[in-house]
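Take a look at the letters that make up each chain.
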Number of protein chains: 2
Amino acid sequence: MKRVTTEDVAKIAGVSQSTVSRVLNDYPYIKKNTRDKVLAVINELGFTRDEIARSLVEKRTKSIGLILGSISNPFFAETAEVIIERAQELKYDVIVYNTGHKDENLEQAINLLIGKRVEGIILTSVSKNYTEKIKKLHDNGFPVLLYNSFLDIKDVNFIVMDNNKGARLAVQHLIKLGHKKIAKISGPSKYLATYERTVGYKEEMMENGYEIDEGLIFNSEFSYDKIYSFTKKLLKKKDRPTAIIAASDQMALAVLDAASSLNLKIPADLSVVGFDNIRLSANEFIGLTTISQQMDQMSLTALEKLIYLIENKETSSSSIQIFLKPELMVRKTTGPAPVQD
Amino acid sequence: MKRVTTEDVAKIAGVSQSTVSRVLNDYPYIKKNTRDKVLAVINELGFTRDEIARSLVEKRTKSIGLILGSISNPFFAETAEVIIERAQELKYDVIVYNTGHKDENLEQAINLLIGKRVEGIILTSVSKNYTEKIKKLHDNGFPVLLYNSFLDIKDVNFIVMDNNKGARLAVQHLIKLGHKKIAKISGPSKYLATYERTVGYKEEMMENGYEIDEGLIFNSEFSYDKIYSFTKKLLKKKDRPTAIIAASDQMALAVLDAASSLNLKIPADLSVVGFDNIRLSANEFIGLTTISQQMDQMSLTALEKLIYLIENKETSSSSIQIFLKPELMVRKTTGPAPVQD
DNA sequence: CTGAAAGCGCTTACAG
DNA sequence: CTGAAAGCGCTTACAG
């Protein structure tokens, strides 16, 4: 399939290549007659402008990068949908990278995206190992924005929930229900958002007079299988916890999976709280109690702030650091602590 | 942030721009000395090759398009993850478009992607209204491949499950459990894959001596809310069905949602079968009986066949049309038909 | 209103 | 081994 160029169109329409380009760009002063002629030829030949060539001269690609941990996790799928759809409306396309939560992949994704000359990047699941890398991009004036992820420096844009507060809400809810042995399942603490949830959990537990049992805390990989087997082992113990707070709804689902495989009844035998408020958690068949991250707002804001940064490079000065308020959504997976026997 | 070019590197390294390009492309015959010098400058300046400019001359973008109905549907999220990850391994990046199951968006997405000079497109959720459009691309030698979607012509590449057979498996399973009133929830029949499921359902019902009750068949939009309210209305009737076959696991989840809101017990009061076998359906807390589409194989094959088409444009002659075998996964949402009262 | 020409940042024959 | 030059397909001052 030989590509049709503006040159080809020009020749057939009997005008210059620049004229073809002008009608493509809706220049004013073009005689209606020649415009019509050119348009006709464009149509006839099935010409499609080469945006690659255009990007080269315009120094704009109208595309952005979206780097996320794992799009099969509904939190990422649902937020990605909001981002992609809104980007489309604004005429940007989005190149998606899936890191599988691997640091090397994150670094590689950023480099490839920069090579492809995306105009900005939205990132999630950024570990603090990448603080320097992100800071450098930011300092160079390259639009980057994290969501559900943050770094402990001034020179970075992010939008996150108040994670500490969110964890406290979960703990308070469970304590009110009479739970004393509450486990916490989190990802690796190099992810600060996850780390904050663990901190909030510990602080709230201690402030309520409970001791921290490190055996009840899982702080390892973002892996369904790992979480599933940790939970199973935990729940097989004689003195098992009566409640578990997971650091995401996806993790909560793994916990429910493990608990159900042990024939534990939810919430009679075990209460479970998630984080995120993915759509599924509101499903009446499931009814997952969770901490809402206001996912739609988070992702929509992420996209719009990034586009703002792209289109106002000069004026933007200070960093964008937004904290969303967490909200406890009580549903069916939490209930009164079982009477100890 | 002024971009660094090969010209800049050349000047500082004291060589010509072509030499810089050569070290970038790992040309053999370059004196180790000059290569090292260039590499040092590249490093020092933080140079990243402009892939846009490169694409223009190479006439290759190393990127593909992925157009899907709705990435928040786990079927698409999980298959997209396989496709994106495998594409990354093969050094292709993927631009994702979300059509929201709107025909206009599909058309627009294809045009934009072609403008961006992607080398091939993977499509899902293609309605038969787009038969001509897809055929034209195919005939022009442009690599396109559909998955979980097909068109009734020779000149199109696709990979789908045997949908008629899949629906029959679901019906057989329910009939064996004693169900007589079985409802079917599908998407619009302009999507042939969905249509085939309805056909298989009808055929199997009739072959088993049951009459088709059109009131038990939903053939409208792919909308969670629509399906939810249709189901709710259906289940409120005195002579409600004892089983429902949904055309996807996502739809089955909507059915379960509606049934639970009516306090129906699953499967005691209602059996539910889905299609897809998303990961969640195997979760013991949910245990959705479903027809497996072999999602991983389907999506991996889709990506690899597309890349094959891209990299062997000349040799490829006949169309790729692959049918995967459906498999019934019996879990917890189906059980014996309740005794009628 | 419209054409000829330069230039975006690369790759790659063509010479030497 | 390496440089000068053409060219990929566009956009846009510069003239007229």
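Since the structure is predicted, the reported quantities are computational estimates derived from the model, not experimental observations.

(A) Molecular detail of the relation of the copies chain A and chain B. For the pair chain A and chain B, the relating rotation is 180 degrees, the translation along its axis is 0.0 Å, and the fit reaches an RMSD of 0.0 Å. These values place the two chain copies in the arrangement generated by a two-fold rotation axis. The rotation axis passes nearest to the C-alpha of A:Ile95 in chain A, at a distance of 2.2 Å. The overlap is high: 100% of the interface residues of chain A also sit at the interface in chain B, so the same surface is used on both sides.

(B) Geometry of the side chain of A:Thr334. All names here are of chain A. Here Thr-334 is to be found in the segment after β12 (327-329). Assessed through its relative accessible area of 9%, Thr-334 is described here as buried. Side chain to side chain, Thr-334 and Thr-289 meet in a polar contact 2.8 Å long. Ignoring sequence-local partners within four residues, the contact set of Thr-334 consists of His-173, Leu-174, Leu-177, Pro-267, Ser-271, Val-272, Val-273 and Thr-289.

(C) Representation of the sheet that holds strand β6 (residues 182-186) of chain A within the structure. All names here are of chain A. Pairing in this open sheet of six strands is mixed, and the strands run β7-β6-β8-β9-β10-β12 from one edge to the other. At either margin of the open sheet sits one strand with a lone partner, and together these are β7 (217-219) and β12. Mean inter-strand twist for the sheet, computed between neighbouring axes without regard to direction, equals 15 degrees. Lying over the sheet, helix α9 (residues 192-207) contacts β6, β7, β8 (243-246) and β9 (271-276), oriented at roughly 165 degrees with respect to β6.

(D) Structural view of helix α11 (residues 249-261) of chain B. Residues and elements named next belong to chain B. Over its 13 residues, α11 runs 18 Å from end to end, which matches the ideal 18 Å to within 8%, given 1.5 Å per residue. Residues of α11 that are buried make contact with β6 (182-186), α10 (224-236), β8 (243-246), β9 (271-276) and β10 (289-292). The positive-phi residue at the C-terminal boundary of α11 is Asn-263, with phi of around 65 degrees.

(E) Representation of the sheet that holds strand β1 (residues 63-68) of chain A within the structure. The strand order across the open sheet formed by 12 strands is β11(A)-β5(A)-β4(A)-β3(A)-β1(A)-β2(A)-β2(B)-β1(B)-β3(B)-β4(B)-β5(B)-β11(B), and the pairing between neighbours is mixed. Since the sheet does not close on itself, it has two edges, and those belong to β11 (321-324) of chain A together with β11 (321-324) of chain B, each with one partner. Averaged over all pairs of adjacent strands, the angle between their axes in this sheet comes to 20 degrees, without regard to strand direction. Here β1(A) pairs with strand β2 (residues 93-98) of chain A via six bridges, running parallel. In the strand pairing of β2(A), A:Leu66 is matched with A:Val96.

(F) Structural view of the interface of chain A and chain B. Contact residues are listed per partner, giving 54 residues for chain A and 54 residues for chain B. Across the chain A/chain B interface, buried area totals approximately 4800 Å², and carbon plus sulfur atoms make up 59% of it. Summed over the three residues of chain A that lose the most area to chain B, namely A:Ile52, A:Arg117 and A:Phe285, the buried surface amounts to 16% of that side. Run the count over chain A and chain B and you get four salt bridges. Between B:Arg117 and A:Asp50 there is a salt bridge; the shortest N-O distance is 3.5 Å. For the pair chain A and chain B, the number of links is 30 residue pairs in polar contact (both at pLDDT 80 or more). Residue assignment for the side of chain A that touches chain B shows that the elements contributing at least two residues are α4 (51-58), α5 (74-89), β2, α6 (103-115) and α11 (249-261) of chain A. By residue number, the principal contributor to the side of chain A that touches chain B is α5(A), which donates seven residues.

(G) Representation of a nonpolar patch on the surface in the model. A contiguous nonpolar patch, built from A:Leu56, A:Val57, B:Leu56 and B:Val57 and spanning about 360 Å² of accessible area, is present on the exposed surface. Breaking the nonpolar patch down by element, the ones donating at least two residues are α4 of chain A together with α4 (51-58) of chain B. Relative to the helices and strands, B:Val57 resides in helix α4.

(H) Main features of the pairing of β9(A). All names here are of chain A. Counting buried positions over the six residues of β9 gives six, a clear majority of the element. The side-chain alternation of β9 yields two buried faces, one formed by Ser-271, Val-273 and Phe-275 and the other by Val-272, Gly-274 and Asp-276. Note on the crossover from β8 through α11 to β9: the handedness is right-handed. Looking at chain direction, β9 and strand β10 (residues 289-292) are connected through four bridges and run parallel. In the sheet register, Asp-276 faces β10, and the bridge partner there is Ser-292.

How each quantity is defined
- Residues numbered from 1 in each chain as written.
- Chains lettered and ligands numbered in written order.
- Predicted model: local features only at pLDDT ≥ 70, side-chain atom pairs only at ≥ 80, totals over all residues.
- Heavy atoms only, no water.
- Least-squares fit on C-alpha atoms with pLDDT ≥ 70 in both.
- Contact = heavy atoms within 4.5 Å.
- Helix = DSSP H or I, 4+ residues; strand = E, 2+ residues; numbered from the N terminus.
- Buried < 20%, exposed > 50% of the residue type's maximum accessible area, 1.4 Å probe, protein only.
- Polar contact = N/O pair within 3.5 Å; in protein donor to acceptor, adjacent residues only side chain to side chain.
- Pairing = 2+ DSSP bridges.
- Axes fitted to C-alpha atoms, helices over the stretch in contact; angles between N-to-C directions.
- Expected span 1.5 Å × (residues − 1).
- Buried area = accessible area lost by both parts, 1.4 Å probe.
- Salt bridge = Lys/Arg side-chain N within 4 Å of Asp/Glu carboxyl O.
- Patch = residues over 30% accessible without salt bridge, like charges linked within 9 Å, V, L, I, M, F, W, Y side chains within 5 Å.
- Areas by Shrake-Rupley, 256 points an atom, 1.4 Å probe, with all protein chains shown as cover.
- Right-handed = clockwise from strand over helix to strand, strands pointing away.

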